[in-house]
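# Reading the structure
Chain residues, written in single-letter form:
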Amino acid sequence: MSATPPRTVTNWSGNVAFGAREFVAPTSVPELQAVVARGRQVRALGTAHSFNDLADTPGTLLSVTSLPPVVEVDSRAATVKVAAGLPYSDVVGPVERAGFALPNLASLPHVSVGGSVVTGTHGSGVRNGCLSTSVAALDLVTADGDLVTLARDTHPREFEGAVVNLGALGVVTSVTLDLVPTFAMRQRVYEGLPLEVLDAHFAELVADAYSVCLFTDWRGPRLTQVWINQRIGDPDPTVVHEPWFTAVPADGPRHPVDGLDADCCTQQLGVIGPWHERLSHFRPDAVPSAGDELQSEYLLAAQDAPAALRALDLVRERLAPVLHICEVRTVAADRLWLSPAQGRDSVSIHFTWTSDLDAVLPVVRLVEDVLTPFAARPHWAKVYTTAPDVVRSHYPKLPDFVDLVHGYDPHGKFTNEHLRRCIDADRSTHC
Ligand SMILES: Cc1cc2nc3c(=O)[nH]c(=O)nc-3n(C[C@H](O)[C@H](O)[C@H](O)COP(=O)(O)OP(=O)(O)OC[C@H]3O[C@@H](n4cnc5c(N)ncnc54)[C@H](O)[C@@H]3O)c2cc1C
(Lines give C-alpha, C1' and ligand atoms only; values in the text may rest on other atoms or scores of the structure.)
Protein backbone atom coordinates (compact mmCIF):
# COMPACT_ATOMS: atom_id res chain seq x y z
CA MET A 1 0.00 0.00 0.00
CA SER A 2 1.25 3.49 -0.77
CA ALA A 3 0.72 6.27 1.77
CA THR A 4 1.79 9.80 0.89
CA PRO A 5 0.55 12.27 3.50
CA PRO A 6 2.65 15.36 2.72
CA ARG A 7 1.93 15.97 -0.96
CA THR A 8 -1.09 17.90 -2.15
CA VAL A 9 -3.59 15.72 -3.90
CA THR A 10 -5.96 17.47 -6.26
CA ASN A 11 -8.81 16.47 -8.50
CA TRP A 12 -8.33 16.04 -12.26
CA SER A 13 -9.08 19.66 -13.07
CA GLY A 14 -6.96 20.99 -10.19
CA ASN A 15 -9.71 23.18 -8.70
CA VAL A 16 -10.00 21.06 -5.53
CA ALA A 17 -6.98 20.44 -3.28
CA PHE A 18 -8.08 17.68 -0.96
CA GLY A 19 -7.74 18.48 2.73
CA ALA A 20 -7.12 14.90 3.83
CA ARG A 21 -4.47 14.27 6.49
CA GLU A 22 -3.68 10.93 4.91
CA PHE A 23 -3.81 9.64 1.34
CA VAL A 24 -3.71 5.85 0.94
CA ALA A 25 -3.99 3.51 -2.01
CA PRO A 26 -4.52 -0.08 -0.79
CA THR A 27 -3.47 -2.81 -3.19
CA SER A 28 -5.85 -5.46 -1.86
CA VAL A 29 -9.36 -5.58 -0.44
CA PRO A 30 -8.18 -6.88 2.98
CA GLU A 31 -5.74 -3.92 3.22
CA LEU A 32 -8.55 -1.58 2.30
CA GLN A 33 -10.80 -3.15 4.95
CA ALA A 34 -8.10 -2.58 7.58
CA VAL A 35 -7.70 1.09 6.58
CA VAL A 36 -11.44 1.66 6.80
CA ALA A 37 -11.75 -0.15 10.14
CA ARG A 38 -9.03 1.97 11.79
CA GLY A 39 -10.00 5.32 10.17
CA ARG A 40 -12.15 7.88 11.97
CA GLN A 41 -13.14 9.74 8.82
CA VAL A 42 -12.74 8.13 5.42
CA ARG A 43 -13.73 8.98 1.85
CA ALA A 44 -13.17 6.90 -1.26
CA LEU A 45 -11.50 8.42 -4.30
CA GLY A 46 -11.75 7.02 -7.83
CA THR A 47 -10.07 8.76 -10.75
CA ALA A 48 -10.80 12.21 -9.21
CA HIS A 49 -12.73 13.53 -12.21
CA SER A 50 -15.33 15.24 -10.03
CA PHE A 51 -15.25 19.03 -9.84
CA ASN A 52 -16.28 19.77 -6.26
CA ASP A 53 -15.47 18.74 -2.69
CA LEU A 54 -17.74 15.68 -2.71
CA ALA A 55 -14.77 13.30 -2.30
CA ASP A 56 -12.97 15.37 0.31
CA THR A 57 -12.38 14.54 3.96
CA PRO A 58 -10.17 15.89 6.73
CA GLY A 59 -9.30 12.26 7.54
CA THR A 60 -8.22 9.49 5.18
CA LEU A 61 -8.68 9.79 1.44
CA LEU A 62 -8.64 6.24 0.13
CA SER A 63 -7.93 5.70 -3.55
CA VAL A 64 -9.41 2.50 -4.98
CA THR A 65 -7.37 2.71 -8.18
CA SER A 66 -4.56 0.41 -6.94
CA LEU A 67 -6.84 -2.54 -6.18
CA PRO A 68 -6.25 -5.64 -8.34
CA PRO A 69 -7.68 -4.89 -11.80
CA VAL A 70 -10.44 -7.49 -11.80
CA VAL A 71 -12.60 -7.76 -14.94
CA GLU A 72 -14.64 -10.99 -14.90
CA VAL A 73 -17.23 -11.52 -17.59
CA ASP A 74 -19.98 -14.03 -16.74
CA SER A 75 -21.35 -14.94 -20.16
CA ARG A 76 -24.23 -17.01 -18.77
CA ALA A 77 -25.47 -14.20 -16.56
CA ALA A 78 -24.51 -11.50 -19.12
CA THR A 79 -22.70 -9.50 -16.45
CA VAL A 80 -19.19 -8.27 -15.77
CA LYS A 81 -17.69 -7.84 -12.32
CA VAL A 82 -15.06 -5.09 -12.25
CA ALA A 83 -12.78 -3.53 -9.68
CA ALA A 84 -14.39 -0.20 -8.75
CA GLY A 85 -11.27 1.87 -9.41
CA LEU A 86 -10.83 0.73 -13.01
CA PRO A 87 -11.60 3.25 -15.72
CA TYR A 88 -14.23 2.18 -18.25
CA SER A 89 -11.44 2.09 -20.85
CA ASP A 90 -9.96 -0.96 -19.06
CA VAL A 91 -13.31 -2.72 -18.98
CA VAL A 92 -14.66 -2.29 -22.50
CA GLY A 93 -12.04 -4.49 -24.25
CA PRO A 94 -12.67 -7.70 -22.26
CA VAL A 95 -16.43 -7.07 -22.47
CA GLU A 96 -16.28 -6.64 -26.24
CA ARG A 97 -14.05 -9.71 -26.71
CA ALA A 98 -16.61 -11.81 -24.82
CA GLY A 99 -19.29 -10.71 -27.29
CA PHE A 100 -20.98 -8.14 -25.08
CA ALA A 101 -21.39 -4.40 -24.67
CA LEU A 102 -22.25 -1.89 -21.99
CA PRO A 103 -25.45 -0.09 -22.96
CA ASN A 104 -23.86 3.34 -22.69
CA LEU A 105 -20.74 5.34 -21.77
CA ALA A 106 -20.04 8.85 -20.53
CA SER A 107 -18.33 11.40 -22.75
CA LEU A 108 -14.96 10.02 -21.67
CA PRO A 109 -13.83 6.47 -20.78
CA HIS A 110 -11.17 7.69 -18.33
CA VAL A 111 -13.50 7.83 -15.29
CA SER A 112 -13.62 5.00 -12.76
CA VAL A 113 -16.61 2.69 -12.78
CA GLY A 114 -17.13 3.11 -9.01
CA GLY A 115 -16.92 6.90 -9.01
CA SER A 116 -19.26 7.06 -12.00
CA VAL A 117 -22.00 4.82 -10.69
CA VAL A 118 -22.10 6.34 -7.19
CA THR A 119 -22.63 9.84 -8.68
CA GLY A 120 -25.22 8.98 -11.36
CA THR A 121 -22.89 9.64 -14.29
CA HIS A 122 -24.64 9.37 -17.65
CA GLY A 123 -24.26 9.38 -21.42
CA SER A 124 -27.11 10.15 -23.82
CA GLY A 125 -30.13 8.43 -25.36
CA VAL A 126 -33.83 8.61 -24.65
CA ARG A 127 -33.93 4.92 -23.82
CA ASN A 128 -30.59 4.84 -21.98
CA GLY A 129 -30.60 5.23 -18.22
CA CYS A 130 -27.57 6.69 -16.43
CA LEU A 131 -24.60 4.34 -16.04
CA SER A 132 -25.74 3.47 -12.50
CA THR A 133 -28.82 1.72 -13.94
CA SER A 134 -26.54 -1.03 -15.29
CA VAL A 135 -25.42 -1.99 -11.80
CA ALA A 136 -26.57 -5.46 -10.72
CA ALA A 137 -24.48 -5.65 -7.51
CA LEU A 138 -21.96 -3.73 -5.43
CA ASP A 139 -19.29 -4.98 -3.04
CA LEU A 140 -18.97 -2.43 -0.29
CA VAL A 141 -16.59 -2.08 2.66
CA THR A 142 -18.66 -0.61 5.46
CA ALA A 143 -17.62 1.48 8.47
CA ASP A 144 -16.37 -1.40 10.63
CA GLY A 145 -14.35 -2.85 7.76
CA ASP A 146 -16.82 -5.57 6.78
CA LEU A 147 -17.20 -6.48 3.13
CA VAL A 148 -20.86 -6.75 2.14
CA THR A 149 -22.50 -7.49 -1.17
CA LEU A 150 -25.64 -5.59 -2.11
CA ALA A 151 -27.42 -7.04 -5.11
CA ARG A 152 -30.50 -6.04 -7.03
CA ASP A 153 -31.92 -9.57 -6.65
CA THR A 154 -31.20 -10.05 -2.95
CA HIS A 155 -31.82 -6.49 -1.65
CA PRO A 156 -34.43 -5.11 -4.08
CA ARG A 157 -35.59 -2.07 -2.08
CA GLU A 158 -32.35 -1.07 -0.36
CA PHE A 159 -30.52 -1.50 -3.64
CA GLU A 160 -32.38 1.39 -5.28
CA GLY A 161 -30.97 3.62 -2.56
CA ALA A 162 -27.50 2.12 -2.43
CA VAL A 163 -26.23 2.50 -6.01
CA VAL A 164 -26.07 6.29 -6.35
CA ASN A 165 -24.66 6.62 -2.84
CA LEU A 166 -22.16 9.52 -3.17
CA GLY A 167 -19.66 7.47 -1.18
CA ALA A 168 -21.82 7.82 1.95
CA LEU A 169 -22.35 4.12 2.64
CA GLY A 170 -18.75 2.94 2.45
CA VAL A 171 -16.05 2.14 -0.09
CA VAL A 172 -17.21 0.27 -3.18
CA THR A 173 -14.54 -2.29 -4.08
CA SER A 174 -16.23 -3.90 -7.07
CA VAL A 175 -19.28 -3.42 -9.23
CA THR A 176 -21.22 -5.99 -11.25
CA LEU A 177 -22.69 -4.51 -14.42
CA ASP A 178 -25.39 -5.85 -16.75
CA LEU A 179 -24.26 -6.45 -20.32
CA VAL A 180 -26.08 -6.50 -23.64
CA PRO A 181 -25.01 -8.27 -26.85
CA THR A 182 -22.22 -6.40 -28.59
CA PHE A 183 -23.18 -3.94 -31.30
CA ALA A 184 -21.53 -1.73 -33.87
CA MET A 185 -22.25 1.95 -34.42
CA ARG A 186 -21.69 4.79 -36.80
CA GLN A 187 -21.20 8.32 -35.56
CA ARG A 188 -21.98 11.39 -37.60
CA VAL A 189 -21.69 15.05 -36.72
CA TYR A 190 -24.10 17.63 -38.11
CA GLU A 191 -23.66 21.38 -37.86
CA GLY A 192 -25.71 24.53 -37.61
CA LEU A 193 -29.09 23.61 -36.15
CA PRO A 194 -31.17 26.74 -35.36
CA LEU A 195 -32.47 26.77 -31.79
CA GLU A 196 -36.01 27.37 -33.05
CA VAL A 197 -36.03 23.89 -34.59
CA LEU A 198 -35.97 22.47 -31.06
CA ASP A 199 -39.22 24.25 -30.13
CA ALA A 200 -41.28 21.90 -32.26
CA HIS A 201 -38.93 18.99 -32.82
CA PHE A 202 -36.85 18.38 -29.68
CA ALA A 203 -38.52 15.12 -28.65
CA GLU A 204 -38.46 13.74 -32.18
CA LEU A 205 -34.88 14.82 -32.79
CA VAL A 206 -33.32 13.29 -29.67
CA ALA A 207 -35.24 10.04 -30.22
CA ASP A 208 -34.01 9.71 -33.77
CA ALA A 209 -30.92 7.64 -32.91
CA TYR A 210 -29.53 5.46 -30.13
CA SER A 211 -27.63 8.44 -28.69
CA VAL A 212 -27.94 12.09 -29.72
CA CYS A 213 -25.82 14.89 -28.18
CA LEU A 214 -26.33 18.55 -29.02
CA PHE A 215 -23.68 21.23 -28.53
CA THR A 216 -23.74 25.01 -28.48
CA ASP A 217 -21.24 27.69 -27.53
CA TRP A 218 -24.14 30.13 -26.96
CA ARG A 219 -22.54 32.60 -29.34
CA GLY A 220 -25.78 32.52 -31.31
CA PRO A 221 -29.28 31.05 -31.12
CA ARG A 222 -28.20 27.75 -32.65
CA LEU A 223 -26.65 24.38 -31.93
CA THR A 224 -23.13 24.34 -33.29
CA GLN A 225 -22.97 20.54 -33.58
CA VAL A 226 -25.20 17.52 -33.18
CA TRP A 227 -23.48 14.14 -32.63
CA ILE A 228 -25.65 11.26 -33.79
CA ASN A 229 -24.74 7.72 -32.81
CA GLN A 230 -26.66 5.11 -34.69
CA ARG A 231 -26.62 1.42 -33.84
CA ILE A 232 -26.03 -0.70 -36.92
CA GLY A 233 -29.27 -2.54 -37.57
CA ASP A 234 -31.47 0.28 -36.29
CA PRO A 235 -33.20 2.49 -38.91
CA ASP A 236 -30.73 5.10 -40.12
CA PRO A 237 -32.09 8.64 -39.57
CA THR A 238 -29.30 10.32 -41.45
CA VAL A 239 -30.31 8.49 -44.59
CA VAL A 240 -34.01 9.16 -44.00
CA HIS A 241 -33.63 12.91 -43.37
CA GLU A 242 -30.82 14.68 -45.19
CA PRO A 243 -30.21 17.46 -44.20
CA TRP A 244 -31.06 16.36 -40.67
CA PHE A 245 -33.65 18.78 -39.25
CA THR A 246 -31.94 21.51 -41.36
CA ALA A 247 -28.45 20.72 -39.95
CA VAL A 248 -25.79 19.80 -42.50
CA PRO A 249 -23.16 17.04 -42.24
CA ALA A 250 -19.72 18.14 -41.06
CA ASP A 251 -17.13 17.88 -43.83
CA GLY A 252 -14.47 16.41 -41.52
CA PRO A 253 -13.93 15.19 -37.96
CA ARG A 254 -14.93 17.65 -35.27
CA HIS A 255 -14.04 18.41 -31.65
CA PRO A 256 -17.08 19.72 -29.74
CA VAL A 257 -15.10 22.87 -28.84
CA ASP A 258 -14.50 25.02 -31.89
CA GLY A 259 -10.81 25.19 -32.78
CA LEU A 260 -9.65 22.18 -30.75
CA ASP A 261 -8.06 19.24 -32.50
CA ALA A 262 -10.46 16.41 -33.31
CA ASP A 263 -7.63 13.85 -32.99
CA CYS A 264 -8.62 13.20 -29.38
CA CYS A 265 -12.21 12.40 -30.41
CA THR A 266 -13.79 9.10 -31.36
CA GLN A 267 -14.20 8.36 -35.04
CA GLN A 268 -16.94 10.17 -36.95
CA LEU A 269 -18.02 10.56 -40.60
CA GLY A 270 -20.21 7.45 -40.42
CA VAL A 271 -17.35 4.94 -40.21
CA ILE A 272 -18.68 1.78 -38.60
CA GLY A 273 -16.94 0.66 -35.40
CA PRO A 274 -17.53 -1.05 -32.07
CA TRP A 275 -19.84 0.59 -29.48
CA HIS A 276 -16.98 1.54 -27.15
CA GLU A 277 -15.17 3.44 -29.91
CA ARG A 278 -18.25 5.54 -30.69
CA LEU A 279 -20.36 6.10 -27.54
CA SER A 280 -17.77 8.28 -25.76
CA HIS A 281 -16.75 11.54 -27.38
CA PHE A 282 -13.09 11.18 -26.38
CA ARG A 283 -10.56 8.45 -27.01
CA PRO A 284 -8.99 6.74 -23.98
CA ASP A 285 -5.42 7.59 -25.03
CA ALA A 286 -6.05 11.34 -25.35
CA VAL A 287 -6.80 14.24 -23.01
CA PRO A 288 -10.59 14.53 -22.96
CA SER A 289 -12.66 17.68 -23.28
CA ALA A 290 -10.90 21.07 -23.11
CA GLY A 291 -8.51 19.96 -20.34
CA ASP A 292 -8.25 23.34 -18.61
CA GLU A 293 -11.81 23.62 -17.39
CA LEU A 294 -14.60 23.43 -14.85
CA GLN A 295 -17.93 21.74 -15.41
CA SER A 296 -21.52 22.19 -14.22
CA GLU A 297 -24.57 20.21 -15.27
CA TYR A 298 -28.31 20.20 -14.52
CA LEU A 299 -30.97 17.59 -15.18
CA LEU A 300 -34.59 18.55 -15.74
CA ALA A 301 -37.73 16.95 -17.18
CA ALA A 302 -37.13 16.20 -20.87
CA GLN A 303 -40.36 17.90 -21.95
CA ASP A 304 -39.06 21.18 -20.49
CA ALA A 305 -35.94 21.17 -22.66
CA PRO A 306 -37.13 23.61 -25.37
CA ALA A 307 -38.35 26.16 -22.79
CA ALA A 308 -35.19 25.79 -20.69
CA LEU A 309 -32.96 26.28 -23.72
CA ARG A 310 -34.97 29.33 -24.75
CA ALA A 311 -34.52 30.73 -21.24
CA LEU A 312 -30.76 30.16 -21.43
CA ASP A 313 -30.70 31.79 -24.85
CA LEU A 314 -31.93 35.01 -23.23
CA VAL A 315 -28.72 35.16 -21.16
CA ARG A 316 -26.34 33.73 -23.73
CA GLU A 317 -24.23 36.89 -23.79
CA ARG A 318 -23.37 36.19 -20.13
CA LEU A 319 -22.64 32.51 -20.79
CA ALA A 320 -20.47 32.67 -23.88
CA PRO A 321 -17.42 34.54 -22.46
CA VAL A 322 -16.71 31.87 -19.81
CA LEU A 323 -17.87 28.85 -21.79
CA HIS A 324 -15.90 26.30 -23.77
CA ILE A 325 -19.05 24.40 -24.73
CA CYS A 326 -22.56 23.49 -23.59
CA GLU A 327 -23.90 19.99 -24.26
CA VAL A 328 -27.51 18.80 -24.16
CA ARG A 329 -28.21 15.08 -23.71
CA THR A 330 -31.11 12.86 -22.68
CA VAL A 331 -31.25 10.33 -19.83
CA ALA A 332 -34.07 7.83 -19.33
CA ALA A 333 -35.94 7.92 -16.01
CA ASP A 334 -34.82 5.51 -13.31
CA ARG A 335 -35.78 4.47 -9.78
CA LEU A 336 -32.45 5.07 -8.03
CA TRP A 337 -33.18 7.31 -5.06
CA LEU A 338 -30.39 9.88 -5.55
CA SER A 339 -30.06 9.62 -9.32
CA PRO A 340 -30.53 13.03 -10.94
CA ALA A 341 -32.79 11.23 -13.46
CA GLN A 342 -34.88 9.61 -10.70
CA GLY A 343 -38.56 9.49 -11.61
CA ARG A 344 -38.45 11.54 -14.79
CA ASP A 345 -37.18 11.19 -18.34
CA SER A 346 -34.56 13.88 -18.28
CA VAL A 347 -32.56 16.24 -20.36
CA SER A 348 -29.13 17.18 -19.07
CA ILE A 349 -27.71 20.60 -19.83
CA HIS A 350 -23.98 20.55 -19.32
CA PHE A 351 -21.50 23.44 -19.30
CA THR A 352 -17.75 23.11 -19.80
CA TRP A 353 -16.52 26.40 -18.40
CA THR A 354 -13.11 28.03 -18.52
CA SER A 355 -11.04 27.36 -15.40
CA ASP A 356 -11.44 30.89 -13.97
CA LEU A 357 -13.63 30.08 -10.96
CA ASP A 358 -14.16 33.73 -9.98
CA ALA A 359 -15.52 34.54 -13.42
CA VAL A 360 -17.46 31.28 -13.71
CA LEU A 361 -19.28 31.21 -10.36
CA PRO A 362 -21.56 34.22 -10.98
CA VAL A 363 -22.55 32.65 -14.29
CA VAL A 364 -23.21 29.30 -12.60
CA ARG A 365 -25.56 31.15 -10.23
CA LEU A 366 -27.23 32.83 -13.18
CA VAL A 367 -27.77 29.47 -14.91
CA GLU A 368 -29.24 28.08 -11.71
CA ASP A 369 -31.62 31.05 -11.44
CA VAL A 370 -32.70 30.61 -15.04
CA LEU A 371 -33.27 26.87 -14.52
CA THR A 372 -35.07 27.20 -11.16
CA PRO A 373 -38.58 27.08 -12.71
CA PHE A 374 -37.60 23.72 -14.23
CA ALA A 375 -36.67 22.06 -10.92
CA ALA A 376 -33.16 21.41 -12.23
CA ARG A 377 -31.13 18.87 -10.29
CA PRO A 378 -27.39 19.61 -10.29
CA HIS A 379 -24.98 16.81 -11.23
CA TRP A 380 -23.58 15.64 -7.90
CA ALA A 381 -19.98 15.65 -9.11
CA LYS A 382 -19.80 19.08 -10.75
CA VAL A 383 -19.64 22.73 -9.71
CA TYR A 384 -22.98 23.92 -8.33
CA THR A 385 -24.25 26.50 -5.87
CA THR A 386 -27.90 25.42 -5.66
CA ALA A 387 -29.13 25.99 -2.09
CA PRO A 388 -28.99 22.75 -0.07
CA ASP A 389 -32.70 22.87 0.83
CA VAL A 390 -33.52 23.18 -2.87
CA VAL A 391 -31.29 20.22 -3.73
CA ARG A 392 -32.94 18.18 -1.00
CA SER A 393 -36.43 19.12 -2.21
CA HIS A 394 -35.68 17.51 -5.59
CA TYR A 395 -35.23 14.02 -4.12
CA PRO A 396 -38.42 12.55 -2.64
CA LYS A 397 -36.51 9.49 -1.41
CA LEU A 398 -33.82 11.49 0.38
CA PRO A 399 -35.18 10.78 3.88
CA ASP A 400 -34.98 7.05 3.09
CA PHE A 401 -31.43 7.52 1.87
CA VAL A 402 -30.45 9.30 5.08
CA ASP A 403 -31.93 6.37 7.04
CA LEU A 404 -29.86 4.01 4.89
CA VAL A 405 -26.72 6.03 5.68
CA HIS A 406 -27.62 5.91 9.37
CA GLY A 407 -27.90 2.12 9.17
CA TYR A 408 -24.61 1.56 7.34
CA ASP A 409 -22.58 4.34 8.90
CA PRO A 410 -24.06 5.22 12.31
CA HIS A 411 -21.06 7.31 13.39
CA GLY A 412 -20.67 9.28 10.17
CA LYS A 413 -17.28 7.86 9.14
CA PHE A 414 -18.03 8.47 5.47
CA THR A 415 -19.84 11.76 5.94
CA ASN A 416 -18.14 14.97 4.90
CA GLU A 417 -18.91 18.66 4.64
CA HIS A 418 -20.53 18.31 1.22
CA LEU A 419 -22.90 15.58 2.40
CA ARG A 420 -23.73 17.48 5.58
CA ARG A 421 -24.57 20.48 3.47
CA CYS A 422 -26.50 18.89 0.65
CA ILE A 423 -28.19 15.79 1.97
CA ASP A 424 -28.44 16.77 5.61
CA ALA A 425 -26.29 13.79 6.47
CA ASP A 426 -25.92 15.00 10.05
CA ARG A 427 -29.46 13.90 10.66
CA SER A 428 -28.12 10.40 10.19
CA THR A 429 -25.35 10.83 12.70
CA HIS A 430 -27.40 12.62 15.35
CA CYS A 431 -30.74 10.91 15.21
C1 LIG B 1 -13.59 15.62 -18.82
C2 LIG B 1 -14.75 15.10 -18.03
C3 LIG B 1 -15.87 14.62 -18.71
C4 LIG B 1 -16.98 14.14 -17.97
N5 LIG B 1 -18.05 13.64 -18.68
C6 LIG B 1 -19.14 13.23 -17.99
C7 LIG B 1 -20.27 12.71 -18.68
O8 LIG B 1 -20.27 12.53 -19.90
N9 LIG B 1 -21.37 12.40 -17.96
C10 LIG B 1 -21.42 12.56 -16.61
O11 LIG B 1 -22.47 12.29 -16.02
N12 LIG B 1 -20.33 12.98 -15.92
C13 LIG B 1 -19.21 13.30 -16.58
N14 LIG B 1 -18.10 13.72 -15.89
C15 LIG B 1 -18.14 13.69 -14.42
C16 LIG B 1 -17.65 12.34 -13.91
O17 LIG B 1 -18.29 11.28 -14.50
C18 LIG B 1 -17.90 12.24 -12.41
O19 LIG B 1 -17.13 13.23 -11.82
C20 LIG B 1 -17.51 10.89 -11.80
O21 LIG B 1 -17.74 10.95 -10.42
C22 LIG B 1 -16.09 10.55 -12.08
O23 LIG B 1 -15.69 9.36 -11.44
P24 LIG B 1 -14.36 9.40 -10.56
O25 LIG B 1 -13.96 8.03 -10.27
O26 LIG B 1 -13.37 10.28 -11.19
O27 LIG B 1 -14.95 10.07 -9.25
P28 LIG B 1 -14.14 10.78 -8.07
O29 LIG B 1 -13.99 12.21 -8.42
O30 LIG B 1 -12.94 10.03 -7.74
O31 LIG B 1 -15.21 10.65 -6.89
C32 LIG B 1 -16.49 11.19 -7.06
C33 LIG B 1 -17.36 10.76 -5.87
O34 LIG B 1 -17.52 9.35 -5.88
C35 LIG B 1 -17.04 8.79 -4.68
N36 LIG B 1 -16.37 7.55 -5.01
C37 LIG B 1 -15.44 7.35 -5.97
N38 LIG B 1 -15.09 6.06 -5.99
C39 LIG B 1 -15.78 5.45 -5.01
C40 LIG B 1 -15.83 4.12 -4.51
N41 LIG B 1 -15.09 3.15 -5.06
N42 LIG B 1 -16.64 3.85 -3.46
C43 LIG B 1 -17.41 4.82 -2.91
N44 LIG B 1 -17.41 6.09 -3.35
C45 LIG B 1 -16.60 6.40 -4.39
C46 LIG B 1 -16.08 9.81 -4.09
O47 LIG B 1 -16.01 9.70 -2.67
C48 LIG B 1 -16.75 11.09 -4.52
O49 LIG B 1 -17.78 11.40 -3.64
C50 LIG B 1 -16.96 14.16 -16.57
C51 LIG B 1 -15.83 14.62 -15.90
C52 LIG B 1 -14.72 15.07 -16.62
C53 LIG B 1 -13.51 15.54 -15.89
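Parameters and conventions
Residues numbered from 1 in each chain as written. Predicted model: local features only at pLDDT ≥ 70, side-chain atom pairs only at ≥ 80, totals over all residues. Heavy atoms only, no water. Core = buried A, V, L, I, M, F, W, Y, C linked by side-chain atoms within 4.5 Å. Buried < 20%, exposed > 50% of the residue type's maximum accessible area, 1.4 Å probe, protein only. Helix = DSSP H or I, 4+ residues; strand = E, 2+ residues; numbered from the N terminus. Lys, Arg positive; Asp, Glu negative; His and termini not counted. Salt bridge = Lys/Arg side-chain N within 4 Å of Asp/Glu carboxyl O. Contact = heavy atoms within 4.5 Å. Pairing = 2+ DSSP bridges. Axes fitted to C-alpha atoms, helices over the stretch in contact; angles between N-to-C directions. Arc of directions from axis to C-beta. Near = heavy atom within 4 Å. Polar contact = N/O pair within 3.5 Å; in protein donor to acceptor, adjacent residues only side chain to side chain. Areas by Shrake-Rupley, 256 points an atom, 1.4 Å probe, with all protein chains shown as cover. Nonpolar A, V, L, I, M, F, W, Y, C, P; charged D, E, K, R; others polar.

## Observations concerning the nonpolar core
By size, the foremost hydrophobic cluster in this structure holds 116 residues, and its most contacted members are Leu214, Phe351, Trp353 and Trp380. The next biggest cluster of nonpolar side chains, apart from the first, holds 12 residues, and it includes Leu32, Leu67, Val141 and Val171.

## Observations concerning the side chain of Asp334
Among the secondary structure elements, Asp334 is positioned in the loop between strand E18 (323-331) and strand E19 (346-353). At 7.0 Å, Arg377 is the nearest oppositely charged side chain to Asp334, a buried residue that forms no salt bridge. Once residues within four sequence positions are removed from consideration, Asp334 is found in contact with Cys130, Thr133, Ser339, Ala341, Gln342 and Gly343.

## Digging into the sheet that holds strand E9 (residues 147-151)
Paired through backbone hydrogen bonds, the strands of a sheet run either parallel or antiparallel to each other. The 5 strands are arranged E5-E6-E10-E8-E9 in an open sheet whose pairing can be described as antiparallel. Lying at the two open borders of the sheet, with one neighbouring strand each, are strand E5 (71-74) and E9. Geometrically, the sheet is characterised by an average inter-axis angle of 15 degrees between neighbouring strands, direction not taken into account. The pairing of strand E8 (residues 135-141) with E9 spans 5 bridges and is classified as antiparallel. Its bridge partner being in E9, Leu140 is matched across the sheet by Val148.

## Thoughts on helix H11 (residues 398-408)
For H11, every residue scored as buried is listed here: Leu398, Phe401, Val402, Leu404, Val405 and Tyr408. Viewed along the axis of H11, the buried residues span an arc of 155 degrees, placing them on a single side of the element.

## Some points on the pattern of salt bridges
If you walk through the whole model with that rule in mind, you get 19 salt bridges. The partner of Asp178 in a salt bridge is Arg152, and the shortest N-O contact between them spans 2.8 Å. Note that Asp178 is positioned in strand E10 (residues 171-178) and Arg152 in the loop between E9 and helix H4 (156-162), a separation of 26 residues in sequence. Asp400 is paired through a salt bridge with Arg157; the nearest N and O atoms lie 3.7 Å apart. With Asp400 in helix H11 and Arg157 in helix H4, the pair connects residues that are 243 residues apart, well separated along the chain. By relative accessible area, Asp400 is classed as partly exposed at 24%. The network of salt bridges with common partners includes Glu297, Glu327, Arg329 and Lys382.

## A look at the site of the ligand
The ligand sits among 37 residues. The nearest are Ala44, Gly46, His49, Ser50 and Ser112. At 2.5 Å from an oxygen atom of the ligand is found a side-chain nitrogen or oxygen belonging to Ser50. When the ligand sits alone it has 960 Å² of accessible area, and the protein chains cover 99% of it. Top element by residues in the shell around the ligand is strand E3 (residues 42-45). It accounts for 3 residues. For the shell around the ligand, the class distribution of residues is 17 nonpolar, 16 polar and 4 charged.

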